[in-house]
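Chains, contacts and geometry: an overview
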Amino acid sequence: MPKKTETFYFFQITDGPTFRQHFSTFVPLVKTVAQALNDRDEIDRHKKKDEGHGHKPHVIPMVGVNVSFSHFGFQKLGIDDSKLIDPAFLGGQRKDAQSLGDKGTGDGETFVPDWDEGFKQDIHGVFIVSGDSHPTVDKKIQDIEKLFKIGTNAASYKKIVSIQGDVRPGDQSAHEHFGYLDGVSNPAIIGFDKNPPPGPAPVRSGAILLGQDGDENKDGRDPWMTDGSFLAFRHLLQNVPEFDEFVNKNRLQLPGMTEKEGADLFGARLVGRWKSGAPVDLSPFFDDPDLARDPLRNNNFHFSAERNFQKLCPFAAHVRKTNPRADLEELGISIERNRIIRRGIQFGPEVTRTERQQKKTLHRRGLLFACYQSSITNGFQFIQKSWANNSNFPLEQTPETPGVDPIIGQVNGLADRGQISGTNPNSPATTTSLTDVWVIPRGGEYFFSPSIKALRETISA
């Protein structure tokens, strides 16, 4: 769904049977895939029309609604979800937080993550409302609350927390708060994406949708689960001034390079892309905005012949950790089962002058991370635990220990995350100490997003 703003509205069901009755009146609000694709086409038509007349493209009023449920939500509704067959989903993210590396207190069953209070409660579901403006989205949320009688004695759920995200302004649109272009490398889906640009091989639809070719548990699902998808949500704060200061302090000092160019190169090697979106694998020393803007080139790299080599792209770089491409594929290991589709959005204000001067975060900002997959265990959870948090990944062929993903990698909630190698292309064995954390989880949950058919025939009363 095209969006300028998006609200994640988390709720707890108080009366299961009544909720299911109310839900039957809600289902018509949910936007189908066909409707979302039509919205994209409509936006493209308006852009071309406005640009043809020499006008700045105007925003088309539109809104989309979706809903997902946690395991605890299905339990409250009396719906058997055991054949979703996903241990991460069935356990919930709060139980998973310690193994993800989140900061907290206690251990094992007594572990309490250092999350916002709302996410420490049982969350049964989330309404996701996206649109062109705050008034459009807010009006739709009011409509939803009326359907469920919120504010009356007949209400069937209670609101836990609502978080609003917004696309960043101007030339920072599509860039996350550290300033790097985001969402470039989502996988193309066979049968959905026609003529995908060059890059990683398209994945079968079952990597994202249950019950389809590529879903490893296809034959074990209940019929109502077909065409649904798991949603992993994370509320992530980003300490931007502190990240910028770390990058500046560790800027590379290479011949003929200015201090700013050295800082930009160091930051690009942490992420694996320049702020423009150009991959360092293809442009290892200087940014290339033309490359970044070219969809035929900006994701067409594979780390081929680089399994023991990090002069171009560090082993620990975020884009290499989370999508290792040839690092595994040249070993004959398919990563199709680990692919996810990201659908997050930024939240919070732009960094203020005071924050830049003090080099300290004073306002909450970050990413409402959301990704879809047919298995959280193989998708989000595996990427975070086995790749991003694993200082020895990629595998043993690397001549230097890579270190954790400097952007999202976690080490038991500690600020000191050890050393990473490869930040200096001329001296790949030289290490940099990660003495701080700039992406801080403040909550999350695992959900299942059913198909429209399932919403009508299984969830509704």
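Shown above is the structure to which this text applies.
Anyway, here's the lowdown on the structure attached to this text. (Residues numbered from 1 in each chain as written. Predicted model: local features only at pLDDT ≥ 70, side-chain atom pairs only at ≥ 80, totals over all residues. Heavy atoms only, no water.)

**Looking at helix α8 (residues 259–271)**
- Look at α8: 19 Å from first C-alpha to last across 13 residues, which is about the 18 Å you get at 1.5 Å a residue.
- Those residues of α8 not exposed but buried are Gly262, Ala263, Leu265, Phe266, Gly267, Ala268, Arg269, Leu270 and Val271.
- Looking at the packing, one finds that the buried side of α8 touches α7 (240–249), α10 (318–322), β11 (419–421) and β12 (431–433).
- At the exit of α8 stands Gly272, carrying a positive phi of roughly 100°. (Helix = DSSP H or I, 4+ residues; strand = E, 2+ residues; numbered from the N terminus. Expected span 1.5 Å × (residues − 1). Buried < 20%, exposed > 50% of the residue type's maximum accessible area, 1.4 Å probe, protein only. Contact = heavy atoms within 4.5 Å.)

**Looking at the nonpolar core**
- The biggest cluster of nonpolar side chains holds 80 residues, and the ones touching the most others in it are Phe23 and Phe69.
- The element that contributes the greatest number of residues to this core is α8, accounting for 6 residues.
- Each residue touching Phe23, except ones within four places of it in the same chain, is listed here: Val67, Phe69, Phe148, Leu455, Ile459 and Ser460.
- Grouped together as the second largest cluster of nonpolar side chains are 25 residues, Trp115, Ile208, Leu231 and Ile345 included. (Core = buried A, V, L, I, M, F, W, Y, C linked by side-chain atoms within 4.5 Å.)

**Focus on the side chain of His177**
- Tracing the sequence through the fold places His177 in the loop between β6 (157–166) and β7 (229–238).
- A polar atom in the side chain of His177 sits 3.0 Å from the backbone oxygen of Phe347.
- Once residues within four sequence positions are removed from consideration, His177 is found in contact with Arg168, Gln238, Val240, Gln346, Phe347, Gly348, Pro349, Glu350, Arg365 and Gly366. (Polar contact = N/O pair within 3.5 Å; in protein donor to acceptor, adjacent residues only side chain to side chain.)

**Examining the packing of helix α5 (residues 93–100) against helix α13 (residues 380–388)**
- Where α5 meets α13, the axes come as close as 10 Å, and the angle between the chain directions of the two elements is 25°. Put simply, α5 runs roughly parallel to α13. Contact residues: α5 offers Asp96, Ser99 and Leu100, while α13 offers Phe380, Gln381, Gln384 and Lys385.
- Taken together, the residues of the contact of α5 with α13 sort by class into 2 nonpolar, 3 polar and 2 charged. (Axes fitted to C-alpha atoms, helices over the stretch in contact; angles between N-to-C directions. Parallel < 35°, antiparallel > 145°, perpendicular 65-115°, else oblique. Nonpolar A, V, L, I, M, F, W, Y, C, P; charged D, E, K, R; others polar.)

**A short note on unusual backbone geometry**
- Here the residue pair Phe393 and Pro394 is connected by a cis peptide bond, since its omega of 0° sits within 30 degrees of zero.
- Position of Pro394 among the secondary structure elements: in the loop between α13 and β11.
- For Ala174, which is not glycine, the phi torsion reads 75° and is therefore positive.
- Here Ala174 is to be found in the loop between β6 and β7.
- Even without being glycine, Asp227 reaches a positive phi, approximately 70°.
- Here Asp227 lies in the loop between β6 and β7.
- Residue classification places Asp227 among the partly exposed residues on the basis of a relative accessible area of 38%.

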